[in-house]
Amino acid sequence: MEFSATDPGDFVFEDFETARYVGWTATGTAFGAGPVTVGSTPAYLRRFGDFQQIGTHFVTSHNFIAAGGDLATADSYTGTLTSAAFTISHNYVRARVGGGNWPAEECLNVVVNGTVVGSVTGSTPGTGNGTEQMVDQWIDVSAHKGQSATIQIVDSRQGAWAHINVDQIVFTDHAPDILFEDFEAGTYAGWTVTGTAFGAGPVAASSVPDGMKRFGDLNANGTNIVTSYNYRANSGDPDSYTGTLTSQPFTISRDFVRARVGGGNWPGQECVNVLVNGTVIGSVTGAGAGVGDGTEPLIEQYIDVSAHKGQTATIQIVDSRQGAWAHINVDYLGFTDTRADIVVDDFESSTYAGWTVTGNAFGAGPVAVASVPDGMKRFGDLNAHGANWVTSYNYRSNSGDFDSYTGMLSRTFTVSRQYLSLRVGGGNKPGTACVNVLINGTVIGSVTGEDTELLKPRVISLAGYQGQTATLQIVDNAQGGWAHINVDYIVQTDQPPTQVFSRIPDQGTFAITALAAAAPTRIRRSAGRRRWTIFSIHQTERPTPLPGRPGRSVPYGCRSRSRRAHPRPYVSRSPGGFRCPGGTFSRCWRTPTHSPTTTPAALAPRRRSPAILAQTWLGWRRRPARGWTPSMTAPRCRTGSCNEP
């Protein structure tokens, strides 16, 4: 009989937020003793700006520490970092990678059975070029799902740009976005132009007339944009020109076409269309508030083409109108499976506009993170999204116990994404200090804090409720210690929850079988203490003691139906394995991770620690560190009663 556990969503395999390489094998001298902090890097590494890292640490093979800050020497070191083995469970490995563009020499590889099945290098176009900034890159491993693999980070080159930067490695089923056009070329190569509206090519965003900048930054993706406001003609009204741009044909391979679009709101006249067999299947126009209105900044918009995947399509940019706001601005056309997030509330306002407030716990509005009492900062940075957040710890009242106040914030929203993502802190008070989502008065999802002020990511699934009206409640009906909740940045998203791989509870497989005919059994699955699941073997016949050297007594061991007759049965060792008074059993297990809530305090700092449980003869129990199953190992099989080292 086999029991398996899987969790949906993305998994953070490694975030490198440690001072040393835990779970990685290093060779050579390039990667030093561990990840580096952003603040420790020399100024010349920061010449491109922010590293685009996730967190405070990242990996670099530019060993500036050993080199004493000398640039050329730091790029002369070589070496590798190899992860522990893992089973491929998702379609893609996504890694944030920067440094030199040297395929196979400065790279991150996925290796299966000693063979590299996918590799990425620095993201700057052109071999030998480089940038310190890291960007997400994908390796398709879908053909190897279920196989054992390792990740290898390689620096085997010396000289200019001979290093690699790496941060957060994630396992995901989300396919990478495809850039179709960014208009960074100076011409319309690959596009068919009609009319006179679009000029000879894209324009530099910095070169447009001041009148187009009156709304602020144009929100261009790069240097250039396309506009049909033909100020370059130097003749007549720039809005009087008309024309089209039509792309080359392409095969629809993602659910959405994503475009940045500004200009006039004139559907069908100033627009970006997707056509299949000459028919417009989707269209977006300028982002003005109403028809005839407009704004110059480009806003991301999405065209749903999921019903046409596999078909051939073209993109057409149209200006067929004259007069006020008779132009369109376009940048970055891409294909994606993920729609833009919808912000429900980021609480950057000083009031609860849009919310219904009851009770007195939440005060007059969101509070500034900088204003909270020092006691709320004892855990470190609060991880707020912006300047403000919501807390029901009503320190602003200046009277009584700040945790004694109760109340609720509520509002409605239309479900239009798969998940509700939010940041939550405060007390672990399910049902009394929590965030609820209700459909037709029924709670479909609820999250609470972890007895810490820090805001942590939480996700509530909205799948199956698309288009319905939901009610969002932030509730504090609790009193006493930790009787408050902290909330920030609530968004609807199609991104599945990303979970840190080393912190997924009870993630693994367990199988057990009786090897002797004299041991008829039944398997009982029951909830274990502190969220562990216990798999128990219960004999259906009264056991007969067998000869053998007695081993340890197992309180929850090979117990018969008659507990009174055999209150503390023993396990005996015999050739070929362990035996209990009813027969011999074999079990196989793979226990790659553990729940942090059950980690012994002495082991809490360990990352990707092994599972805390070891199998005794009749179920699972906690045991000392000796003989723990290493993390992310291949499945193990053994005959007997205890996981002996």
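**Description of the pairing of strand E30 (residues 407–414)**
For a regular strand, side-chain orientation follows a simple rule: the groups alternate between the two sheet faces. Examined bridge by bridge, strand E27 (residues 356–359) and E30 share 4 bridges and lie antiparallel to one another. Bridge pairing links Thr 356 to Ser 410 in E30. Relative to strand E35 (residues 469–476), E30 runs antiparallel, the two being bridged by 8 bridges. Bridge pairing in E35 links Leu 409 to Ile 474.

**Focus: the sheet that holds strand E33 (residues 442–448)**
With respect to topology, 5 strands assemble into an open sheet ordered E27-E30-E35-E32-E33, the strand pairing being antiparallel. Pairing within the sheet leaves two strands with one partner each, and these edge strands are E27 and E33. Taking the axes of each pair of neighbouring strands and ignoring which way they run, one obtains an average angle of 20 degrees across the sheet.

**Quick notes on the side chain of Asn 165**
Tracing the chain through its elements places Asn 165 in strand E13 (residues 164–172). Since its relative accessible area comes to 1%, Asn 165 is described here as buried. Within the structure, the side chain of Asn 165 is placed 2.7 Å from the side chain of Thr 60, a separation counted as a polar contact. The residues contacting Asn 165, other than those within four sequence positions of it, are Phe 58, Val 59, Thr 60, Arg 96, Val 97, Gly 98, Gly 99, Glu 132 and Met 134.

**A closer look at the nonpolar core**
Formed by 30 residues in total, the largest nonpolar core has its most connected members in Trp 24, Leu 108, Ile 151, Ile 153 and Ile 169. Elements with a minimum of two residues in this core: strand E2 (10–14), strand E8 (92–100), strand E9 (106–112), strand E12 (148–155) and E13. No other element matches E13, which puts 4 residues into this core. Discounting chain neighbours no more than four positions away, the residues touching Ile 169 are Phe 11, Val 12, Phe 13, Glu 14, Phe 16, Trp 24, Val 93, Arg 94, Ala 95, Leu 108 and Ile 151. Formed by 29 residues, the second largest nonpolar core is a distinct cluster that contains Val 344, Val 424, Val 437 and Ile 485.

**Brief notes about the pattern of salt bridges**
Enumeration according to the criterion identifies 12 salt bridges in this entry. The partner of Arg 157 in a salt bridge is Glu 105, and the shortest N-O contact between them spans 3.2 Å. You can see Arg 157 sitting in the loop between E12 and E13 and its partner Glu 105 sitting in the loop between E8 and E9, a full 52 residues away along the chain. With relative accessibility at 23%, the residue Arg 157 sits in the partly exposed group. Residue Glu 105 is classed as partly exposed on the basis of its relative accessible area of 26%. Note that Glu 300 and Arg 258 form a salt bridge whose closest N and O atoms lie 3.5 Å from each other. In this pair, Glu 300 sits in strand E23 (residues 294–304) while Arg 258 sits in strand E20 (residues 256–264), placing the two residues 42 residues apart along the sequence. Note on Glu 300: relative accessible area 31%, which makes it partly exposed. Arg 258 sits in the buried class, given a relative accessible area of 14%. Several salt bridges share partner residues, and in doing so they unite Asp 177, Arg 258, Arg 260 and Glu 300 into one network.

**Some details on unusual backbone geometry**
Even without glycine at this site, Asn 234 takes up a positive phi of about 55 degrees. Within the element layout of this structure, Asn 234 appears in the loop between strand E17 (224–227) and strand E18 (243–247). By relative accessible area, Asn 234 is classed as exposed at 71%. One non-glycine residue, Asp 451, lies in positive phi territory at about 60 degrees.

Cut-offs applied
Residues numbered from 1 in each chain as written. Predicted model: local features only at pLDDT ≥ 70, side-chain atom pairs only at ≥ 80, totals over all residues. Heavy atoms only, no water. Pairing = 2+ DSSP bridges. Helix = DSSP H or I, 4+ residues; strand = E, 2+ residues; numbered from the N terminus. Axes fitted to C-alpha atoms, helices over the stretch in contact; angles between N-to-C directions. Buried < 20%, exposed > 50% of the residue type's maximum accessible area, 1.4 Å probe, protein only. Polar contact = N/O pair within 3.5 Å; in protein donor to acceptor, adjacent residues only side chain to side chain. Contact = heavy atoms within 4.5 Å. Core = buried A, V, L, I, M, F, W, Y, C linked by side-chain atoms within 4.5 Å. Salt bridge = Lys/Arg side-chain N within 4 Å of Asp/Glu carboxyl O.

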